[in-house]
Amino acid sequence: MEVKDILNGAKILTLPSSQDARGSFVKTFHESSLAAHDIRFTLRESYFSISRKDVIRGMHFQLPPWEHAKIVFCPIGAITDVIVDLRKGSPTYRHHATVELSSENHKALYIPIGFAHGFKALCDDAMTYYLVSSEYNQHHDTGVRYDSIGFDWGIDAPIISGRDLSFIQLNHFASPF
């Protein structure tokens, strides 16, 4: 597993893969390989979403004590994945980073506790798969507005849920992280 640091503690992972006449194989989780790169991750929940082109989902996170780390990858299609550091003591506080995740590049994103996460689907039927270190808790699940993080999403008319549009601006968010 190849690993590249992007923001203080967040990492781009290149997942081990192989391809032959039968098709392809991608290893999406390997605890020992993660630990070798100082990623300690306990899997508590996993799920996926399928999005149409130009859908933006985000910027999501859970508040303490239900905060979580995530490993996100895109096994079908392609997405622009976006994170924002919400940890007040971090040298990258309120900075964002992006990476394209796709079925072609086999990249995943390790997102530590204290980051907001979102993505834009680059094609129809883009599948985004999440490995999460805590279970969903409706009362602690929240986010910041996608258009308040200083990132140009490159789209004039995104498809966004009413819930995601209701989130507060990043500069008004009092971080507990």
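Each chain carries its own residue numbering, running from 1 in the written order of its sequence. With pLDDT at 70 or above as the cut-off, local features in this predicted model cover only qualifying residues; side-chain atom pairs require 80 or more to be listed or tallied, and sums for whole chains, interfaces and linings still use all residues. Hydrogens and water are ignored here; the side-chain numbers use all heavy atoms of the structure.

Trainee: If you had to explain the pairing of strand β7 (residues 70-76) to someone new, which residues and values would you point to?
Mentor: For β7, the buried fraction is high: five of the seven residues fall into the buried class. One ladder, built from four bridges, connects β7 with strand β10 (residues 107-111); its direction is antiparallel. Note on β10: the bridge partner recorded for V72 is L109. As defined by bridge partners, β7 adjoins strand β12 (residues 126-132) across five bridges and the pair is classed as antiparallel. In the sheet register, V72 faces β12, and the bridge partner there is Y130. Exposure classes here rest on a 1.4 Å probe applied to the protein chains alone. A residue is buried below 20% of its type maximum, exposed above 50%, and partly exposed in between. Numbering of helices and strands runs from the N terminus, with a helix taken as a DSSP run of H or I at least four residues long and a strand as a DSSP run of E at least two residues long. A pair of strands counts as paired when DSSP detects no fewer than two bridges linking them.

Trainee: Can you explain empty space enclosed by the protein? Please cite residues and give values.
Mentor: Note on definitions: the grid is 1 Å and covers protein atoms alone; a cavity is a set of points where a 1.4 Å probe fits but cannot get out; a pocket is an open set with protein on both sides within 12 Å along at least five of seven lines; lining residues have an atom within 4 Å of a point. Grid points are joined across faces, edges and corners, and a volume is the space filled by probe spheres set on the points. Counted by the stated rule, this structure contains one cavity of 30 Å³ or more. Lining of the largest cavity is provided by H60, F61, H68, K70, I111, P112, F115 and H117. When contributions to the lining of the largest cavity are tallied by element, the ones reaching two or more residues are β6 (56-62) and β11 (115-121). Residue composition of the lining of the largest cavity, grouped by class: four nonpolar, three polar and one charged. Gly is placed with the polar residues, together with every amino acid not listed as nonpolar (Ala, Val, Leu, Ile, Met, Phe, Trp, Tyr, Cys and Pro) or charged (Asp, Glu, Lys and Arg).

Trainee: Please set out the nonpolar core residue by residue, giving values where relevant.
Mentor: The set of buried Ala, Val, Leu, Ile, Met, Phe, Trp, Tyr and Cys residues whose side-chain atoms join them within 4.5 Å is what this entry labels a nonpolar core. Counting 18 residues, the largest nonpolar core has L7, I79, I83, L101, L109, I111 and F115 as the members making the most contacts within it. Of all the elements in the fold, those that place two or more residues in this core are β2 (10-14), β7, β8 (78-85), β9 (96-102), β10, β11 and β12. Contact between two residues is taken to exist if any of their heavy atoms lie within 4.5 Å; hydrogens are not considered. Among residues more than four places away in sequence, those in contact with L101 are V72, F73, C74, G77, A78, I79, D81, K107, A108 and L109. Of all hydrophobic cores here, the second largest spans 15 residues; its members include L86, Y146, I160 and F173.

Trainee: Describe in detail the pattern of salt bridges, supporting the description with residues and values.
Mentor: As a working rule, side chains carrying opposite charge can pair if their charged atoms are close by. Salt bridge, as used here, is a side-chain nitrogen of Lys or Arg placed within 4 Å of a carboxyl oxygen of Asp or Glu. Summed over all chains, the structure comprises seven salt bridges. A salt bridge links D141 to R163; its shortest N-O distance comes to 2.5 Å. Placement of D141 in strand β13 (residues 141-143) and of R163 in helix α2 (residues 162-165) is noted, with a sequence separation of 22 residues between them. Look at R163 and you get partly exposed, because its relative accessible area is 37%. Beyond isolated ion pairs, a larger network of salt bridges with shared partners links D141, R163 and D164.

Trainee: How would you summarise the side chain of T128 if you had to cite specific residues and measurements?
Mentor: Of note, T128 is situated in strand β12. Apart from residues lying up to four places away in sequence, T128 is in contact with Y47, F48, S49, V72, F73, I79 and F119.

Trainee: I'd love a proper account of the sheet that holds β8, names of residues and values included.
Mentor: Read from one edge to the other, the open sheet built from five strands follows the order β9-β8-β11-β6-β13, with strand pairing classed as antiparallel. Either end of the sheet is taken by a strand with one partner, and the two such strands are β9 and β13. Each adjacent strand pair in this sheet contributes to an overall mean axis angle of 30 degrees, direction not counted. The angle between two axes is taken between their N-to-C directions and runs from 0 to 180 degrees, where each axis is a line fitted to C-alpha atoms and a helix contributes only its stretch in contact.

Trainee: So what's going on with the side chain of T92? Residues and values would help.
Mentor: Its place among the elements puts T92 in the loop between β8 and β9. Note on T92: relative accessible area 14%, which makes it buried. One polar contact links T92 to D85, side chain to side chain, over a distance of 2.6 Å. For T92, the side chain forms a polar contact with the side chain of S90, separated by 3.1 Å. Counting of polar contacts relies on pairs of N or O atoms within 3.5 Å, with two restrictions inside protein: one atom must be capable of donating a hydrogen and the other of accepting it, and residues adjacent in sequence are counted only when both atoms are side-chain atoms.

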